[in-house]
Structure formats: C-alpha cells, structure tokens
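Breakdown of the fold
Each chain, letter by letter, is given below.
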Amino acid sequence: MSVRFSAIALAASLCAGAVSAQTAEPFKIAFIDPLSGPFANVGEVMRNHVLYAVDDVNAKGGLFNGAKFQLLQFDSKLSAQESQSALQAAIDQGARVVVTGGSGSSVVTALVQAASRYNQRNPGKEVLILNHSSIDPELTGKACSFWHFMFDANTAMRMQAIANYIKTQPEIKKVFLLNQDYAHGKQWASFGRNMVGKARPEIQFVGETLHPMGRIKDFAPYVAKMKEVSTDSVITGNWGQDMALLLKSAGDSGYNLRYFNHSAGGFPGTVTSISQAKIGQVTWVAEWHPGMADRTQADARAKEYKAKMNQDFLAPRMDLVPRMLAAAMAKAQSTEPVKIAKALEDMQMDTVFGAVKMRGKDHQLLLPQVVNTIAPVDGKLVKTGWEGTNYGFRTDAVYSAQQLDLPTECQMKRP
C-alpha cells in the first residue's frame, strides 16, 4: 500500500520519539561526491543541498526515535576506485546510507555494485545508496538493485521531455550531437538521436562527436566543425566546466546555437557563461527552476536556503533525499536499511515542487519535469536574474510525472 507523507505528518512522526533523543545514537549518512578537481564547485553545491536538509530535519526534532542525522563527507575525486574506498571508509565509520550522484554514472554504478557485494557478505549490516543526480536508465533498468534508489528523472525521461518540446519547434532543423566520452554522454546522444528523431523525423542529424571529459580547455575546434555543417542546435550532455567552456567558445566565435541539455542550469556558472557569451540558448530539464511561477513553497525554501548557506538553491530533489529518508524511517519505525528500503518503495510524498512517488518495482522516483531556457530578463516570461546577471529561466513546457512514466526493464532481486 502506498503512503503519502505531508510535511505536517512527517513533523509529527519526527517529534513522536523526541523523548529518547538523549540516548539515541546519531544515524550516519555518507556523502560521496567530487569535492576536489575540475568539478569541485558542483560537488560543493550538491553537498550543501544535502547538508541543509539534514540540518533542517535535525532542527525540527530529528528522526522518529529522537535521533539526529550525522553527515559524513568523502571526496569521490570522480573516480570509481576512490569512491569505493570512500564507501568502505564510510561503512567502517558506521554509515548505513550513502548519498551520491554527482560523480558520473560509471562511478555510481561501481558504488551500487560494491554496496550490493558488501550487503550480501554482511547481512544485518547493509547500506543503501541514495542517488540524487546520476541518471543512467540502466541503474533502474537492467542493472537495478534493491539497495539503490534514484531521486531524479532518468536520462530517458528527461530526453522524452525535450523531444516533446522540440516537436513544437519547427525552426530546429539541423542537430549536432556533442557529448562527453563516458557512459552517460553516449546515452544522452543515443536517446537524443532516437527520441528527437521519432518526434521530428524530418530533422537532420548533421554530426556526432565524443570528447574527453573534463580535459578540453578550448572547444573552438568543435564549434568550427559544427559551423561547417550549418548546425542550428546541439544535443549535449556536457556539464560543469565542459559546458561553460563550450558556451565560451561558441560565444567567442559569434555562433548563436541552441543547446539541449539534461541539467545545465542546475550547475553553478552556466547562467554566467551565457550572460558573458551574450548569444546562445541553453534549454534544460529539471523538477523546478528559480523564478518559476506558482511554486511558492519552492521559492520559500530557496529563500531560507540562501539565507543559511549563502548560495543559490538549485535542486529541490537533492534537498528531498534526507527528508524522504526520514519519512521512510518514520514509516518503517526502524533504522535498518532493509526496512527503510521497503518503506521507500511506492512511497508518495508532497514536496515543494509537487507530488512525487518512488516507483517500487525499480526504485525510480517519478517527479514532474520542467523544460526551461536560460534567457534575458524581460519582465514577463523571465522576471528575475540569476548569479548576479540579467539572465534567468523561462518556462517552456511542464510535463507531469505520469507523462514521463516510461517502461523499465528492471528485474529486481530482493533480499
């Protein structure tokens, strides 16, 4: 039976066990994501979203038994090997839940596999992997695991939203596929070709290139290649530094491209890069964007977050992870990962960006998606600037969780 948790119900559950707060041991969560290297700024944003929610849950009474969350922090260094070492260190320090997702799908897949092996060898001492941003559909598809939960719309869901939108944009005619050379970059390209091609069979795909991740300092040669084939739009999964430098190179050459990306505006610096280039349109997908109409709860959360963390609030789904974890623990009345996992399955929850449901059969969160474009403030469609610029976010289309509820190939093995 599915259960919907409201903020009031969760608060009541959290306070019910407050009498035992003096004796309850903290429940340890390990954060494993990049905190150094070229994507350190991205990892910091992710950590701060999780940390803010952890502190907020604790401040409002803590967990069902009166205990508090304790967040342990580890640097993944964008490495599967380093992440697995961090996982073991986290387990040794008593963590029962790992929050991750910003190190790329290959790293998260390695973490899920390592956790599954550990759990099989250590019944009664299991650990869960809660993934906030690694959106490889295989993680909730053929490679699904009982020990893993995805708190973001996966790549296929996001591309379906973009394909639905591109279907309404006849001026898009010649598309280039430029992506990072790793599993998710290849997937974004593949889904782009297939889903956009199905939505708009007349579109021409004029080129496809993969490039090393985090190593390109100047994208001018790639921009020149796109110019040669008269590209008007780019499907790119680039993020962080790779996205910022691509925008700079295109801007320096005066090339006014449209970019279709999975989460560009959710990373720090992307809006600044567009404002500096002064040309180019970046369209991306998220559960919410700053300045979105009719999202007063998300706006209030963003204001509170900015006041405490001195950073912009970008990703409500990251903030959701500790809150939904606390709700599942209250539902299960347990701190045991197996019971928490079963409580999360098919759980529904009201959030600041709308109702969500954790699909039980594959542990994929179903949540609304907003297609939006970084654009100049015009006082009508874009009312607020971002990152100290006169550019913000324009809502292009909104799709419900049900509209993007795609099939899964998951055949989950349960303990």
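The structure this text deals with has already been given above.
It should be emphasised that the depicted structure is a prediction, and the values quoted were computed from it without experimental measurement. (Residues numbered from 1 in each chain as written. Predicted model: local features only at pLDDT ≥ 70, side-chain atom pairs only at ≥ 80, totals over all residues. Heavy atoms only, no water.)

A few words on the sheet that holds strand S11 (residues 281-286). Across the sheet, which stays open at both edges, the 7 strands sit in the order S8-S7-S9-S10-S11-S15-S16 with mixed pairing between neighbours. Bordering the open sheet on either side are strand S8 (204-211) and strand S16 (391-399), each of which pairs with just one other strand. Neighbour-to-neighbour, the strand axes of this sheet turn through a mean angle of 25°, independent of strand direction. Relative to S8, strand S7 (residues 174-180) runs parallel, the two being bridged by 7 bridges. Bridging across to S8, Phe-176 finds its partner in Gly-207. Where helix H5 (residues 155-166) meets the sheet, it contacts strand S9 (233-235), strand S10 (258-260), S11, strand S15 (369-376) and S16, and its direction lies at approximately 90° from that of S16. In the packing of helix H9 (residues 270-277) onto the sheet, the strands contacted are S11, S15 and S16, and the crossing angle to S16 comes to about 115°. (Pairing = 2+ DSSP bridges. Helix = DSSP H or I, 4+ residues; strand = E, 2+ residues; numbered from the N terminus. Axes fitted to C-alpha atoms, helices over the stretch in contact; angles between N-to-C directions. Contact = heavy atoms within 4.5 Å.)

This paragraph deals with the state of the cysteines. Under the criterion given, the structure shown has 1 disulfide. At a sulfur-sulfur separation of 2.1 Å, the disulfide partner of Cys-144 is Cys-410. An S-S torsion of about 80° defines the bridge between Cys-144 and Cys-410 as right-handed. Note that Cys-144 is positioned in the loop between strand S5 (128-131) and strand S6 (148-150) and Cys-410 in the segment after S16, a separation of 266 residues in sequence. Across this residue pair, the class does not change: Cys-144 and Cys-410 are buried. (Disulfide = S-S within 2.5 Å. Buried < 20%, exposed > 50% of the residue type's maximum accessible area, 1.4 Å probe, protein only.)

Keep in mind these numbers describe shape, not what the thing actually does.
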